[in-house]
Every structure is written in C-alpha cells, then in structure tokens.
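Overview (structure and organization)
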Amino acid sequence: MTEIKSVGIIGAGQMGSGIAQVCAQSGYEVFLYDQSAPAVVKAVEKINKGFLKSVEKDLITADAGARAATLLKPAALVADLADCDLVIEAATENEEVKKAIFASVCEHLKPEAILASNTSSISITRLAAASDRPGRFIGLHFMNPVPIMKLVEIIRGIATDTETYEAALGFAESLGKITANAQDYPAFIVNRVLIPMINEAIYTLYEGVGTIEAIDTAMKLGANHPMGPLELGDFIGLDTVLAIMNVLYDGLSDSKYRPCPLLVKYVEAGWLGRKTGRGFYDYRGEKPVPTR
C-alpha cells in the first residue's frame, strides 16, 4: 500500500487550514499552497494558534504542538508540492476552478502520488478525468471545522483503484477520523441530506412561515439541532450552499432541489454569512442579529 509521509494542501481557506492543522498534528509533513500568498501567511498564523488551543485543551502535548508547527511549511509555488505523497485540493466549490488546479499540479507530481479533492458535492469521476491519474484520485470530504468534526466521507470515482482507496482510508483513520464510504452521486451523503434542509429553511423564511429567529429556535429546540439551519447556512457560507444546491439541481434534474430565490439574492448581494460579516444574521456588532 502507498505510504503517505508528506501531504500537500491546495487552498488556504477555512477547510484547507483545518486539514493542514490535523495533518501536522498527526505527524505528517505538510505543504500549504494558495494562489494568494497573503492567504497562506494568514492561514499559517491561524493554524499555529490552533496548535496552541489543542495543547491548552490537552488534545496534544506541548512537545507535539511544537513539533506540528515545524512540520507545517508554506509553499510559494504549486511546484513545491512535487515530492508530496498525497495532495488534497481544498479550493472553492467550483468545478472549473478545481479542474484547473488539477491540470496545473499534475505536471509537477511524482507518478505514485495520490490526488484527492475535498469537494462537498462535485463528481469525483469528472474531477479525476481532468487529472493525469484517475486511478490514483479520490474524494476525501472533511467536515467543518476539521479539527473538531470526526467524519471524513470517502468517495471513489469510477476509476479509483483499490490501493488508492486503502491508502486514503488508512490516512483518514491516522488523523483520528471516522470514515463513511459514499457513492459518487451529487453531494454524496451528508450534503445530500443537509443542504436541501437548509434550502427548505430558507424557503420557509421566504414564504413567511416564520422569522429567522423562529425557524432557528424551532429546529434547535424541536429537533435538537445544535445550530439552526439559517445559522448553519451562514457558518458554511451561503455561496457554498448555493453551489451545492445547483450541483444537486443540475445533477439530479429534480425540482425539489431548486435553490430558493432568497438564497440566490443573498449571494448576489455578497451577504455570504460569517465570512463576509452578513448573511441571515449580521455579525458586525457585539452579537449576531437577524437581517430580516
């Protein structure tokens, strides 16, 4: 089976940073790359703070935290990932962007390297076809926030070989994660169930069935959800919610997956949730307040 010692991460956003943190904490040499150099600098600072928090919470020892910091290395160029055994793409949920990334990185990788996508909805088979190694391509869908959430969905494309799957499974388990195998259908398991629920909550707001606070309170107290669906949509990012709904709508051709017009309007306004300061809640004050 392929031995994984070094991991390249493409994308220094919330997901890429979280994956980089858990990989370094688990003893892997990690190279973090993003087309935006300032994003990498910001991510490394955030990850180092994450190591300190893990030490404070007794999740790792102080020595392990210090060692993890030495294993995390910023990458200035995509070519810096050339010697990695595994490269995980964690860019925006846009198929063309992801395909362009794979086209650019493949020319630098050693033949035996495994490519993985952290996509939360897009066909692994199609993404693999944009690479030079569909047999050594797999989906590794981490949950947000990565250092806390235990699950990793593993998705094999039609060409993914057994050795790649077994290496990916062993890798995920080495991070202390619990895995679930999902078939390569739009949005896989978690988001096939979760994102339409958030979309339906937005329809409930759109149709005036309840207010933002009423909808979130009802689901937290009536269904024992830790976060209300509108609050969760803001946490995920409303642009990501819309992208996944479009994948479901286009891929399954079923009207029940039609994105709510209010979701579209919020994304068009740039009100994407916590990351932009406004979504269904306004986060710019001392505490979040509904925007409708």
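Going by the structure above, here's the rest.
1. Things to note about helix α11 (residues 261-269)
For α11, the full list of buried residues reads Leu262, Leu263 and Tyr266. Buried residues in α11, looked at end-on, bunch into an arc of 105 degrees, giving them a common side. Every exposed residue of α11 that faces more than 90 degrees away from the buried side is listed here: Lys265 and Glu268. Trailing α11 by a residue or two, Gly270 shows a phi angle of about 80 degrees, which is positive.

2. A word on unusual backbone geometry
Omega for the peptide link from Asn144 to Pro145 comes to 0 degrees, which places this bond in the cis form. By secondary structure assignment, the location of Pro145 is in the loop between β6 (137-142) and β7 (151-156). One non-glycine residue, Phe188, lies in the positive phi region at around 60 degrees. Given the relative accessible area of 5%, Phe188 is considered buried. One non-glycine residue, Asn224, adopts positive backbone phi at about 60 degrees. Note on placement: Asn224 falls in the loop between α8 (212-222) and α9 (229-236).

3. Looking at the pattern of salt bridges
For the structure shown, the criterion picks out 12 salt bridges. By sharing partners, the salt bridges in this structure join Glu89, Glu93 and Lys98 into a single network.

4. Some details on the nonpolar core
Ranked by internal contacts, the top residues of the largest apolar core, which has 38 residues, are Val7, Ile88, Leu140, Phe142 and Phe171. When residues in this core are grouped by element, the largest group, 6 residues, is from helix α1 (residues 14-25). Sequence-distant contacts of Phe142, that is, excluding residues within four places in its chain, are made with Met15, Ile19, Ile88, Asn118, Leu151, Val152, Phe171 and Leu175. Ranked by size, the runner-up nonpolar core spans 26 residues in total, among them Ile212, Leu232, Leu242 and Met245.

5. Observations regarding the sheet that holds strand β1 (residues 6-10)
If you trace the 8 strands from one edge of the open sheet to the other, you get β3-β2-β1-β4-β5-β6-β7-β8, paired in mixed fashion. Two strands bound the open sheet, and with one partner strand each, they are β3 (72-75) and β8 (178-182). Each strand axis lies, on average, 25 degrees off the axis of its neighbour in the sheet, ignoring direction. Bridge count for strand β5 (residues 114-117) against β6 is 3 bridges, and the pairing is parallel. Within β6, the residue paired with Ala116 across the bridge is Ile138.

6. Notes on the packing of aromatic side chains
Two measures describe an aromatic ring pair: the distance that separates the ring centres and the angle between the ring planes. By the definition in use, this model includes 6 aromatic pairs. The interplanar angle of 75 degrees and the centroid separation of 4.9 Å between the aromatic rings of Phe102 and Phe137 together place this pair among those described as edge-to-face. Of this pair, Phe102 sits in helix α4 (residues 95-106) while Phe137 sits in strand β6, and the two are 35 residues apart along the sequence. With respect to burial, Phe102 and Phe137 carry one shared label: buried. Measuring from ring centre to ring centre gives 6.4 Å for Tyr281 and Tyr283, while their planes differ by 55 degrees; the resulting arrangement is tilted. Residue Tyr281 shares its accessibility class with Tyr283, and that shared class is buried. An aromatic cluster is present here, built from Tyr266, Trp271 and Phe280 joined pairwise through their rings.

Analysis parameters
- Residues numbered from 1 in each chain as written.
- Predicted model: local features only at pLDDT ≥ 70, side-chain atom pairs only at ≥ 80, totals over all residues.
- Heavy atoms only, no water.
- Buried < 20%, exposed > 50% of the residue type's maximum accessible area, 1.4 Å probe, protein only.
- Helix = DSSP H or I, 4+ residues; strand = E, 2+ residues; numbered from the N terminus.
- Arc of directions from axis to C-beta.
- Salt bridge = Lys/Arg side-chain N within 4 Å of Asp/Glu carboxyl O.
- Core = buried A, V, L, I, M, F, W, Y, C linked by side-chain atoms within 4.5 Å.
- Contact = heavy atoms within 4.5 Å.
- Pairing = 2+ DSSP bridges.
- Axes fitted to C-alpha atoms, helices over the stretch in contact; angles between N-to-C directions.
- Phe/Tyr/Trp six-rings, centres within 6.5 Å; stacked < 30°, edge-to-face > 60°.

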